Structure formats: structure tokens, C-alpha cells
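For reference, the chains in residue letters:
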Amino acid sequence: MAPAPVSGWSGIYAAFVASHPGPSYRVWDTGNYGNTTSDGSGTVVTVSIAPRTPVDILYSVMAHEYGHYRQNRIYGPGLGYAVRAVGSVDLDHAADCFALAHGATWVNYGCTSSPAVQGILARMGG
Ligand SMILES: [Zn+2]
């Protein structure tokens, strides 16, 4: 039996969650379309997606946040740690590179070719 077609906001959201295990996902407005945080130990990484995120960029936003999840896994617990290690701007650029490589059609920061950004991306596993 063919899988059900993915459509609509909740369909795209559910399909992404099912195909990208690891973080804990929630529909929650943190002030941005997407936000990724972790607990102090780094054991639980939470991806929050605002319900007001436009459906046409929902997948792209989730792919960017999943990139932050991957960054969390390589830089240790807490995005604060990662920010101190490499800088928040480079983390966002690298998350956009990751998202574009995984099917995103919209990014907010842009993927750059700077050695710092590409170095982070390489550590993220492409
Ligand atoms: Zn970001």
C-alpha cells in the first residue's frame, strides 16, 4: 500500500518528525518560526515549530532546526556551548547549508562558503 500523500501543515510536520528522529518536537511559538534548545545534559534536544509558520516554508524551517539538532550532537550539550565554540551566526549559516542540502527551498540566513561555516557543515555530516 502506498503511503498517504503528505499535504497540509500537519501532514508536512508529521512526515518530517517521522523521518527525522532524534529531537523532541513540539508545536510551540518561541517568537521565531523555529527554535532548538537542549537540556543541561544535552540528552533531550527540543525543536519547537511555531504554528504560524507558513506552510510553504514549513519543511525548510524544520530542516534548519534539525541542522541545529545535529550541531548540538557534535558540539556537546546546549546550544550555548556551541555558540561559544563557533558563533551563532556561523551556526545559522551552516544550518541553512544543511537545510538546503536536505531539500529546503527557503532559508533565512543563507549558506555561505566561508571556511568556518563549511567546517561546521562538514562536522554535521553533510
Ligand atoms: Zn537557526
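(A) Structural detail: the overall build of the protein chain. Summing up its helical and strand segments, the protein chain has five helices and three strands in all. Mapped from its N terminus to its C terminus, the protein chain presents α and β elements in the order α-β-β-β-α-α-α-α. Per-residue burial for the protein chain yields a buried fraction of 37% across its 126 residues. Partitioning the contacts of the protein chain with sequence separation of at least 6, the portion at a separation of at least 24 is 56%.

(B) Main features of the confidence of the model for the protein chain. Mean pLDDT for the protein chain: 89, with 90% of residues reaching 70 or above. By mean pLDDT, the top-scoring element of the protein chain is strand β1 (residues 24–27) (98), and the lowest-scoring one is helix α3 (residues 79–86) (70).

(C) Broad picture of the environment of Tyr-25. Among the structural elements, Tyr-25 can be located in strand β1. Separated by 23 residues in the primary sequence, Tyr-25 and Ser-48 have C-alpha atoms spaced 5.9 Å apart. When sequence neighbours within four positions are dropped, the list of residues in contact with Tyr-25 reads Val-17, Val-47 and Ile-49.

(D) Spatial organisation of the packing of helix α4 (residues 88–101) against helix α5 (residues 115–124). Running from N to C, α4 and α5 point in directions that differ by 55°, and their axes come no closer than 9 Å. On the basis of the axis angle, α4 is oblique to α5. Judged by the twist between their axes, the crossing of α4 over α5 is right-handed. Across from Asp-90, Leu-91, His-93, Ala-94, Cys-97 and Phe-98 in α4, the residues of α5 making contact are Ala-116, Val-117, Ile-120, Leu-121 and Met-124. For the contact of α4 with α5, a count of residues per class yields nine nonpolar, one polar and one charged.

(E) Local environment of the packing of helix α1 (residues 8–19) against helix α2 (residues 58–75). At a minimum axis separation of 10 Å, α1 and α2 run at an interaxial angle of 25°. Overall, the two elements α1 and α2 adopt an arrangement that is roughly parallel. The two elements α1 and α2 meet at a crossing, and its hand is right-handed. Between α1 and α2, the residues in contact are Trp-9, Ile-12, Tyr-13 and Phe-16 and Leu-58, Tyr-59 and Met-62, respectively. Residue composition of the contact of α1 with α2, grouped by class: seven nonpolar, no polar and no charged.

(F) Seen up close, the pairing of strand β2 (residues 34–38). Side chains Gly-34, Thr-36 and Ser-38 project from β2 onto a buried face, and the interleaved Asn-35 and Thr-37 project onto a face without burial. With five bridges joining them, β2 and strand β3 (residues 45–49) adopt antiparallel strand pairing. Within the sheet, the bridge partner assigned to Ser-38 lies in β3 and is Val-45.

Cut-offs and rules
Residues numbered from 1 in each chain as written. Predicted model: local features only at pLDDT ≥ 70, side-chain atom pairs only at ≥ 80, totals over all residues. Helix = DSSP H or I, 4+ residues; strand = E, 2+ residues; numbered from the N terminus. Buried ≥ 20, exposed ≤ 12 C-beta atoms within 10 Å, placed from the backbone. Contact = placed C-beta atoms within 7 Å. pLDDT = per-residue confidence, 0-100. Axes fitted to C-alpha atoms, helices over the stretch in contact; angles between N-to-C directions. Parallel < 35°, antiparallel > 145°, perpendicular 65-115°, else oblique. Left-handed = near helix turned anticlockwise from the far one by under 90°. Nonpolar A, V, L, I, M, F, W, Y, C, P; charged D, E, K, R; others polar. Pairing = 2+ DSSP bridges.

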